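Structural overview for review
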Amino acid sequence: MFLDTIKNNPTINNSTTRSVVAGAIGGLAGGAVKGLVEYFLPVRKVENRSAQLKIIDNLSTKITGTPISVQNEELAEQLVNFPVGASVGAAYGYGKKNKEGLNIAEGIIMGTSTWISTHQTSLPLMGLKEKPTDVPVKLQINEFIAHVLFGITTELVRNKVNQSLKK
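Described in the following lines is the structure provided in the data block. (Residues numbered from 1 in each chain as written. Predicted model: local features only at pLDDT ≥ 70, side-chain atom pairs only at ≥ 80, totals over all residues. Heavy atoms only, no water.)

1. Examining the overall build of the protein
- When you go through the protein residue by residue, the secondary structure sums to six helices and zero strands.
- In sequence order, the secondary structure elements of the protein are arranged as α-α-α-α-α-α.
- Expressed along its principal axes, the backbone C-alpha trace of the protein runs to roughly 50 × 35 × 25 Å.
- Summarising the internal contacts of the protein: among those between residues at least 6 apart in sequence, 77% fall at separations of at least 24. (Helix = DSSP H or I, 4+ residues; strand = E, 2+ residues; numbered from the N terminus. Contact = heavy atoms within 4.5 Å.)

Here it is as structure tokens:
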């Protein structure tokens, strides 16, 4: 329904809107794939909480006075993952608005740059994650793989949705 509205409305269906929507949908799909990969490949030590959970836990404590309950931790983590994935995907889609076709290499670059700008720099600087030098290489590789697959999935879905909206 939402895609049909965009597709059939010439004032909405311009290259910018189409690219941002396609990117956001791609980012949602990429976030789902990233979450699935992280379910099977550990990306942090068992005793460490994710940066996403720390953010939501802090917010919950400020708003309600209590942290997230253990049984709601997985859901709370996704409340950060999906909006971030959609936002990154939307920005990526906007950046590709004047480019046609599928380019897996650009998806890999986007996933890699997302990994570098979050897990290797900003999250450790904000105290939400260990410094990269304190994270075992195997866990770093798993996190990197998850982000590369996030980028590839985002590009694949973005391209498919973008092509679908053009018809």
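Next comes the rest of the write-up.
2. A look at the packing of helix 4 (residues 73-95) against helix 6 (residues 137-166)
- Helix 6 packs onto helix 4 with a crossing angle of 60° between their chain directions and a minimal axis gap of 11 Å. One way to sum up the angle between helix 4 and helix 6 is to call them oblique. With respect to the hand of their crossing, helix 4 and helix 6 are arranged in right-handed fashion. Here helix 4 contributes Gly-85, Val-88, Gly-89, Tyr-92 and Gly-93 to the contact with helix 6, which in turn contributes Phe-150, Thr-154, Glu-155 and Arg-158.
- Tallied by class, residues from the contact of helix 4 with helix 6 come to three nonpolar, four polar and two charged. (Axes fitted to C-alpha atoms, helices over the stretch in contact; angles between N-to-C directions. Parallel < 35°, antiparallel > 145°, perpendicular 65-115°, else oblique. Left-handed = near helix turned anticlockwise from the far one by under 90°. Nonpolar A, V, L, I, M, F, W, Y, C, P; charged D, E, K, R; others polar.)

3. Section: the side chain of Gln-52
- Note on placement: Gln-52 falls in helix 3 (residues 51-64).
- For Gln-52, a relative accessible area of 10% gives the class buried.
- One polar contact links Gln-52 to Asn-81, side chain to side chain, over a distance of 2.6 Å.
- Filtering out sequence-adjacent residues up to four positions away, Gln-52 remains in contact with Lys-34, Arg-44, Glu-77, Val-80 and Asn-81. (Buried < 20%, exposed > 50% of the residue type's maximum accessible area, 1.4 Å probe, protein only. Polar contact = N/O pair within 3.5 Å; in protein donor to acceptor, adjacent residues only side chain to side chain.)

4. Let's talk about helix 5 (residues 104-125)
- With 22 residues, helix 5 extends 30 Å from end C-alpha to end C-alpha; this agrees with the ideal 32 Å at 1.5 Å per step.
- Buried within helix 5 are the following residues: Gly-107, Met-110, Gly-111, Thr-114, Trp-115, His-119, Leu-123 and Pro-124.
- Backbone nitrogen of Ala-105 and a side-chain oxygen of the N-cap are separated by 3.1 Å at the start of helix 5; the cap is Asn-103. (Expected span 1.5 Å × (residues − 1).)

5. Notes on the packing of helix 3 against helix 4
- Relative orientation of the contacting elements helix 3 and helix 4 amounts to 100°, with a least axis distance of 8 Å. Regarding the angle of helix 3 to helix 4, the classification is roughly perpendicular. For the pair helix 3 and helix 4, the contacting residues are Gln-52, Leu-53 and Ile-56 in the first and Glu-73, Ala-76, Glu-77, Val-80 and Asn-81 in the second.
- For the contact of helix 3 with helix 4, the residue count by class is four nonpolar, two polar and two charged.

6. Focus on the packing of aromatic side chains
- Considering all chains together, one arrives at two aromatic pairs under this definition.
- Centre to centre, the rings of Tyr-39 and Phe-40 are 5.1 Å apart; their planes meet at 85°, and the pair counts as edge-to-face.
- According to the relative accessible area criterion, Tyr-39 is exposed, its value standing at 61%.
- Using a relative accessible area of 61% as the deciding quantity, one classes Phe-40 as exposed.
- With centroids separated by 5.0 Å and ring planes inclined at 65°, the aromatic side chains of Trp-115 and Phe-144 adopt a geometry described as edge-to-face. (Phe/Tyr/Trp six-rings, centres within 6.5 Å; stacked < 30°, edge-to-face > 60°.)

7. Observations regarding the pattern of salt bridges
- The final tally for this structure, using the stated rule, is ten salt bridges.
- Here Arg-44 makes a salt bridge to Glu-77, at a shortest N to O gap of 3.7 Å. Taken together, the residues span a long stretch of sequence, with Arg-44 in the loop between helix 2 (15-40) and helix 3 and Glu-77 in helix 4 at a distance of 33 residues.
- Two residues, Glu-73 and Arg-49, come together in a salt bridge whose shortest N-O distance is 3.3 Å. With Glu-73 in helix 4 and Arg-49 in the loop between helix 2 and helix 3, the pair connects residues that are 24 residues apart, well separated along the chain.
- Exposure remark for Arg-49: the relative accessible area of 34% places this residue in the partly exposed category.
- Each of Lys-96, Lys-99, Glu-106, Glu-155 and Arg-158 takes part in a single network of salt bridges with overlapping partners. (Salt bridge = Lys/Arg side-chain N within 4 Å of Asp/Glu carboxyl O.)

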